[in-house]
Each structure stands twice: as C-alpha cells, then as structure tokens.
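A closer look at the structure
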Amino acid sequence: MTPVSSHSPLGQSPLRTVQVLGGGNAGSSAHVRSLASGLVARGVRVVVCAPVEADHLYDFTGAGAEHVHVPRSSDPGSVAALRAACTGADLVHAHGLHASFRAVLALSGRRTPLVVTWHDRAHAEGARAHLVRLLERRVVKAASVVLGTTSALVDRARRTGARDARLAAAALPVRRGERDETELPAPKVRAELGATGRPLLMAVGSLERHRGYDVLLDASRAWRGLDPVPLVVIAGEGSLRAELQRRIEDEELPVRLIGRRDDVGELLAAADLALLPSRWESRSVLAQEALHARVPLVATAVGGVPELVGDAAELVPYGDPEALADAVVRLLEDPERRELLRERGVRQAATWPTEDETVAQVLSVYDELTQHRPLI
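Below is a short write-up of the structure. As the structure is a computational prediction, the values presented were derived from the model and not from experiment. (Residues numbered from 1 in each chain as written. Predicted model: local features only at pLDDT ≥ 70, side-chain atom pairs only at ≥ 80, totals over all residues. Heavy atoms only, no water.)

Attention now goes to the overall build of the chain. Within the chain, the secondary structure is distributed over 15 helices and 13 strands. Here the chain has a C-alpha radius of gyration of 22 Å; the compact-globule value for 376 residues is 21 Å, and the two agree. With respect to the principal axes defined by its C-alpha atoms, the chain has extents near 70 × 45 × 35 Å. Split into buried and exposed, the 376 residues of the chain put 52% on the buried side. Across the chain, contacts joining residues at least 24 apart in sequence account for 66% of those joining residues at least 6 apart. Surface accessibility of the chain: about 16,500 Å² in total, with carbon and sulfur atoms responsible for 51%. Looking at charge distribution, the chain has the averaged site of its 46 positive side-chain charges lying 8 Å from that of its 48 negative ones. (Helix = DSSP H or I, 4+ residues; strand = E, 2+ residues; numbered from the N terminus. Rg over C-alpha atoms; globule rule 2.2 N^0.38 Å. Buried < 20%, exposed > 50% of the residue type's maximum accessible area, 1.4 Å probe, protein only. Contact = heavy atoms within 4.5 Å. Areas by Shrake-Rupley, 256 points an atom, 1.4 Å probe, with all protein chains shown as cover. Lys, Arg positive; Asp, Glu negative; His and termini not counted. Charge placed at Lys NZ, Arg CZ, Asp CG, Glu CD.)

Moving on, we get to the packing of aromatic side chains. Inspection of the entire model under this criterion finds one aromatic pair. Judged by centre distance (6.3 Å) and plane angle (20°), the rings of tyrosine 58 and phenylalanine 60 are stacked. One Lys or Arg, arginine 121, reaches over the ring of tryptophan 280 and ends 4.2 Å from the middle of that ring. (Phe/Tyr/Trp six-rings, centres within 6.5 Å; stacked < 30°, edge-to-face > 60°. Lys NZ or Arg CZ within 6 Å of the ring centre and 35° of its normal.)

So, about the nonpolar core. Core analysis: the biggest nonpolar cluster contains 32 residues, and Val18, Leu82, Val92, Leu114 and Val146 have the highest contact counts within it. A per-element tally of this core places helix H4 (residues 97–106) first, with five residues. For valine 146, the residues in contact, after removing those within four places along its chain, are Val116, Trp118, Val140, Ala157, Ala162, Asp164, Ala165 and Arg166. Residues Ala274, Ala293, Val295 and Val302 belong to the second largest nonpolar core, which totals 31 residues. (Core = buried A, V, L, I, M, F, W, Y, C linked by side-chain atoms within 4.5 Å.)

Taking 1.5 Å per residue, 16 residues should reach 22 Å; helix H15 (residues 355–370) reaches 22 Å between its end C-alpha atoms and fits that length. Buried residues of H15: Thr358, Val359, Val362, Leu363, Val365, Tyr366 and Thr370, and no others. All buried residues of H15 fall inside an arc of 155° around its axis, so they share one side. For H15, the elements touching its buried residues are strand S1 (16–21), helix H1 (26–41), strand S4 (91–95), strand S5 (114–118), strand S6 (145–148) and strand S7 (165–167). (Expected span 1.5 Å × (residues − 1). Arc of directions from axis to C-beta.)

In the sheet, strand S2 (residues 45–50) pairs with strand S3 (residues 66–69) via four bridges, with the strands oriented parallel. Counterpart to valine 48 in the pairing with S3 is histidine 67. In the classification by handedness, the crossover that spans S2, the intervening helix H2 (residues 52–58) and the parallel S3 is right-handed. (Pairing = 2+ DSSP bridges. Right-handed = clockwise from strand over helix to strand, strands pointing away.)

Turning our eyes to something else, we now look at the pairing of strand S8 (residues 200–204). Among the five residues in S8, four count as buried, and that is most of the element. The sheet contact formed by S8 and strand S9 (residues 231–235) spans five bridges and is parallel. Bridged to valine 204 within S9 is alanine 235.

Purely geometric stuff here, so don't read any function into it on its own.
Structure (structure tokens):
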C-alpha cells in the first residue's frame with residue numbers, strides 16, 4: 001500500500017467518513033478495523049462509531065481512526081449520539097442491519113450519502129423475522145449503495161428494494177500459519193483441551209440456534225465408536241450454552257464448550273479438522289481462517305459457503321447429522337484427502353481479495369458518491 005498525504009482533489013479538504021458498528025459481530029468489527037487502517041493510510045479521515053468495548057477489542061484508535069462511543073441500539077441515546085457524530089461527515093458507512101437502521105434514523109433530513117455493508121443475514125424467527133424484513137426494507141431504500149459480502153446478500157438486497165447493490169467481498173485479517181501434518185500440532189494447546197492422543201475437531205461461533213450445534217451434537221454420537229474418540233471443542237458463548245451443556249452431560253458426548261476465546265488462531269492451528277454446521281453463513285470467518293491455516297474443513301452447503309470455499313472443503317447438507325458424521329469419519333481415515341483439501345484451500349484463499357484490494361474497492365465507491373463535494 002502506498003500512503004498518500006490527502007485523498008482529495010486539489011482544493012478540497014480530506015474526505016471525512018464515519019463508520020458505524022453495532023459492536024456485536026466479530027467479522028464486521030475486524031473488517032472496519034482493517035478498513036479504517038487502509039483509509040487513514042490514504043489520507044481519509046475516519047471516525048468509528050461503536051460501543052467503547054469494541055474499541056478496546058479492535059483498537060480503532062490504534063489504526064489512526066477517531067473513536068466515538070455510541071451505545072448499542074437498546075440504549076435510547078444511541079441515535080442522538082450517532083447523529084452528533086455524523087455532523088459534517090462527507091459520507092457514512094454502516095455495517096450490519098441494526099447499525100444501518102440507526103444510521104438511517106441519525107441521517108434523517110440530511111443529504112449525507114449512506115453506504116451500507118451487509119456482512120451477514122440477520123437471524124430471526126416468527127414475529128421478529130417480520131420486523132427484520134421491515135428494517136431491511138427501510139435501510140436499503142435509504143442507502144445510496146448497498147454492499148453485500150456474498151452474491152446471495154446482494155440478491156437479497158436487490159429483492160428488498162435496493163437501488164444500487166454490489167458485491168464487495170470483504171477481506172478479513174487472519175493468521176496465515178502453515179503446518180506440516182507430520183509434526184505434532186500445538187501440543188500444549190491440545191493438552192489444555194484434553195485432546196492429547198486423539199483427533200481434535202474445532203468449531204467456533206456464538207452458541208445460538210442458527211449455528212447448528214444441536215446437529216453437531218447429534219453427529220458426535222457416531223464418533224463415540226471410533227478409537228480413539230475424537231474430541232469436539234466449541235469456542236463461543238450464547239443463549240444455548242446451558243441447553244447444550246445439559247445434552248453433553250446427559251448423553252455423555254465427546255464435546256467441550258470452552259466459552260469465548262481470544263486465541264482462536266492458536267486453537268484452530270492445533271485442530272485436525274474445522275467444523276461449520278450452521279444453518280446459514282455468509283462470508284464465514286471460520287472458513288476463511290481454516291483455509292488460510294491449512295486445516296481441512298467440513299461445512300454445510302448454505303448461504304455464501306459454497307461460493308467462498310469452492311472445492312476446498314467437504315460440504316454437507318444442513319440439518320443432516322448422519323452426513324456430517326460420515327464426512328468427518330471419512331476425512332479422519334483418509335490423510336491423502338486431508339492433504340488435498342489443504343492444497344486446494346491455499347489455492348482458494350489466494351483468489352480472495354486482499355485487505356488492500358478491499359480498501360481500494362470501498363474507496364472507489366466513496367469517490368463516486370462524493371465527487372461533487374464543494375471546494376474549500
């Protein structure tokens with residue numbers, strides 16, 4: 001990347017952008033951190049509006065951005081705080097449905113261009129699903145441009161009424177460690193998890209219904225007959241923790257819940273397989289990290305997963321524990337297949353956009369929407 005002193009035509013002040021985050025999604029937060037760093041390096045002024053804890057985790061200020069604490073959407077003062085932060089902005093870029101809806105409210109009556117990125121589909125059922133659809137419609141009709149990280153999200157935005165929806169596959173900063181299967185992978189991590197001398201199967205993500213962990217627990221019954229018995233480790237927290245833990249104990253399943261972790265890269269590098277049993281995923285963080293780390297992946301063929309991984313993973317239908325169990329057993333028994341998936345994973349990951357390319361694409365959208373800014 002070549003930093004420039006000021007990303008603006010002669011006679012114009014530097015472009016001032018506001019990035020809006022809800023603060024709850026790791027993928028979008030990491031993307032905004034990467035985006036902020038790249039934009040600042042190009043002379044763009046960046047303000048990140050997010051809960052203070054998000055800045056502690058992702059260090060937006062360390063990337064050169066200004067951080068403004070904006071409470072989560074449940075706080076009645078969040079829209080007012082966001083409206084104040086957006087005063088004087090040349091462009092506002094909101095990430096995720098709830099952050100985008102707050103941005104729409106905050107910009108009401110103003111002509112500030114709004115860019116919205118959909119990183120994932122909002123998960124809701126029943127009456128809440130109807131509310132989500134209403135929010136989506138309000139957001140896409142107000143947005144100047146909607147960016148979707150997968151083709152499915154772009155199509156969804158267009159069906160919902162977006163006037164301009166484009167594919168913008170966001171790069172995610174990931175650890176790119178490689179390992180040789182002939183070497184003992186991360187023995188200390190495996191010992192800590194209780195996976196010494198047995199296969200380690202790693203899943204990462206919030207303990208919520210759409211993650212498909214109930215199906216994963218069903219599949220794990222089949223692995224109890226293997227020798228040695230694989231250990232499934234799930235890193236994440238959520239509303240289903242007590243329910244899943246009860247099942248693990250009552251059915252004596254070879255599964256451990258280890259809570260939210262900040263060393264996912266190390267955990268994944270220690271695993272024999274990565275598992276993604278979700279009902280829906282867009283541009284899955286786990287899938288990207290697994291392929292970069294050369295860890296064979298078994299995933300459900302849902303959402304943006306097939307588009308993301310190509311032929312570099314074993315894909316199974318969602319909600320089919322037998323298919324998931326069989327795919328894992330086959331991979332554990334076939335080192336040549338595992339090595340083939342590693343090689344394919346490296347090739348597939350090389351086709352994904354770099355952080356630099358992601359910043360350049362987003363900046364081209366900003367330029368398009370702000371080209372008629374007044375001279376100073």
